[in-house]
Structure formats: structure tokens, C-alpha cells
Amino acid sequence: MKRLYIPLVWELLFVISTIIMPMQAFHLFFVFYLGLLIYFYYFHKQFSFRKFARNLTRIKRFWLPVALTFIGLMLANDIKNKLILPNFATVRDGTVSIITRNDILPTFFYALMMIVMKPVAEELFFRKAIISFGSKKRVFVLTLISLILCSVTRAHGFLGIAEWMLMAIPVTVAYVVTRNIYISVMAHVAFEFYDNIYSIVYAIGRILNR
């Protein structure tokens, strides 16, 4: 658990910063995810490109659970957008808005952050680093803690926290069931690509044609 002291303090500082400086959320998120990636990749070796490459060759043991997790993320997103948000339209969910300048370079860094940095950093911290296996009770408690910690980085209101907990359930279940972080990483990256690519391409097209 000693390895969690620094990232937990890092998250606390990040959450406080997004409350105090909401208009700087893009820069804060970028620095937050970058810090997590550096910490867990360089100092704690939580990710191996060699192991990741080996997983890519396994259809049944890797790509099938990735596909199922991706479908789970799609379903969670539909529940959030089609059931929760319409029924709580008058309630502020407290989700932190990420605003970028309408230019090519900020759009590129936004795409890098949302499609690569965010999913990888979140899986390494909120799944692999926090959830450890032992008794069923231990796994359940740590899983719940990981869901809460993950959601408070994206929202400060009760409804928003509940929404982002819902969104984190598929990748959390995938990691707990398979104990393979590369499955949840791949599914998360694929979903973020699906969820963001249209708006990113549209923004780039608008910028180039203005």
C-alpha cells in the first residue's frame, strides 16, 4: 500500500485544484494523468509493452473479453445518457467540464489525453494499483473504493459521482474477473476512441475551414 501514498495525495491535490480552478480543468487533467503514467510506468513498472503485445495475439483470452467489456461500456453510456440524464435534467451532476482552445494544437493534446493517457492512467491506478486479490470481502471493499476514487476525479456532485461510477463498472469487472490489466486498458482505450473521435475530427475540420 506504500506505493499508493503519492498517487492518492496527487489525486487529492487534483480534485481540490479542479474545484478552485474549474476553468483550468484541461491543463489539470493533462498534468494529473501524465503524473500517474510516469509514476506507475517508470517507478512501479505497472505496464509492459512486451506483455501487451503478447496479449494482442490471443483471440479467446484477450479480444473476446475486450469486446465484452467494450459492449458493457456502451451499455453503461446508454444508461447514463438515455435513462439517468433525461430523468434528472434539472439536477446539476457536478461533472468537471474540460474546455480547450479552438485550435489544432490544443485539440491534438485533448485527443491524446482522452484516448490514450486517460484510459491507461485510470486503469493502472484505479484498477491495478488499488484492487488487490485475497478474500472476497477484501476484493469487494477495494473495488468499491476504486470506483469512488475514479468517479470523484470526474465529478463533484452526488449524481455525477454515481454516473461515473456506473461508467467505471465494466472495466472494473473485467479486471476483477480476468486479473489482466491489459484487457481493461484495451477496452477503455477503444471506448474512449469511439466516444471522442467524432467530436475531435469535427473540431479539426471546423478549425481548418474557418
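Just so you know, these numbers come straight off a predicted model, no measurement behind them.

What follows is about the packing of helix 1 (residues 5–20) against helix 2 (residues 25–43). Packed helix pairs are specified by the crossing angle of their axes together with the interaxial distance, meaning the distance between the axes. Contact geometry of helix 1 with helix 2 gives a least axis separation of 10 Å together with a crossing angle of 175°. Accordingly, the angle class assigned to the pair helix 1 and helix 2 is roughly antiparallel. Residues Ile-6, Pro-7, Trp-10, Glu-11, Phe-14, Ser-17 and Thr-18 of helix 1 pack against Leu-28, Phe-29, Val-31, Phe-32, Gly-35, Leu-36, Tyr-39 and Phe-40 of helix 2. In the contact of helix 1 with helix 2, the residues fall into 11 nonpolar, three polar and one charged.

The relative placement of two aromatic rings is captured by the distance of their centres and the angle of their planes. Inspection of every chain in the model, using the stated rule, returns 23 aromatic pairs. Judged by centre distance (4.9 Å) and plane angle (85°), the ring pair of Tyr-41 and Tyr-42 falls under edge-to-face. The class of Tyr-41 is partly exposed, set by a relative accessible area of 27%. Among the residues examined, Tyr-42 registers a relative accessible area of 55% and is labelled exposed. Seen from their ring centres, Tyr-41 and Phe-49 are 5.9 Å apart, and the 70° between their planes marks the pair as edge-to-face. Overall, the relative accessible area of 53% leaves Phe-49 in the exposed class. Members of the aromatic cluster, joined through ring pairs, are Tyr-41, Tyr-42, Phe-47, Phe-49, Phe-52 and Tyr-182. The residue whose ring lies beneath Lys-80 is Trp-164, and the NZ or CZ to ring-centre distance is 5.3 Å. Sitting over the ring of Phe-133, Arg-179 keeps its end group 4.1 Å from the ring centre.

Conventions we followed
Residues numbered from 1 in each chain as written. Predicted model: local features only at pLDDT ≥ 70, side-chain atom pairs only at ≥ 80, totals over all residues. Heavy atoms only, no water. Axes fitted to C-alpha atoms, helices over the stretch in contact; angles between N-to-C directions. Helix = DSSP H or I, 4+ residues; strand = E, 2+ residues; numbered from the N terminus. Parallel < 35°, antiparallel > 145°, perpendicular 65-115°, else oblique. Contact = heavy atoms within 4.5 Å. Nonpolar A, V, L, I, M, F, W, Y, C, P; charged D, E, K, R; others polar. Phe/Tyr/Trp six-rings, centres within 6.5 Å; stacked < 30°, edge-to-face > 60°. Buried < 20%, exposed > 50% of the residue type's maximum accessible area, 1.4 Å probe, protein only. Lys NZ or Arg CZ within 6 Å of the ring centre and 35° of its normal.

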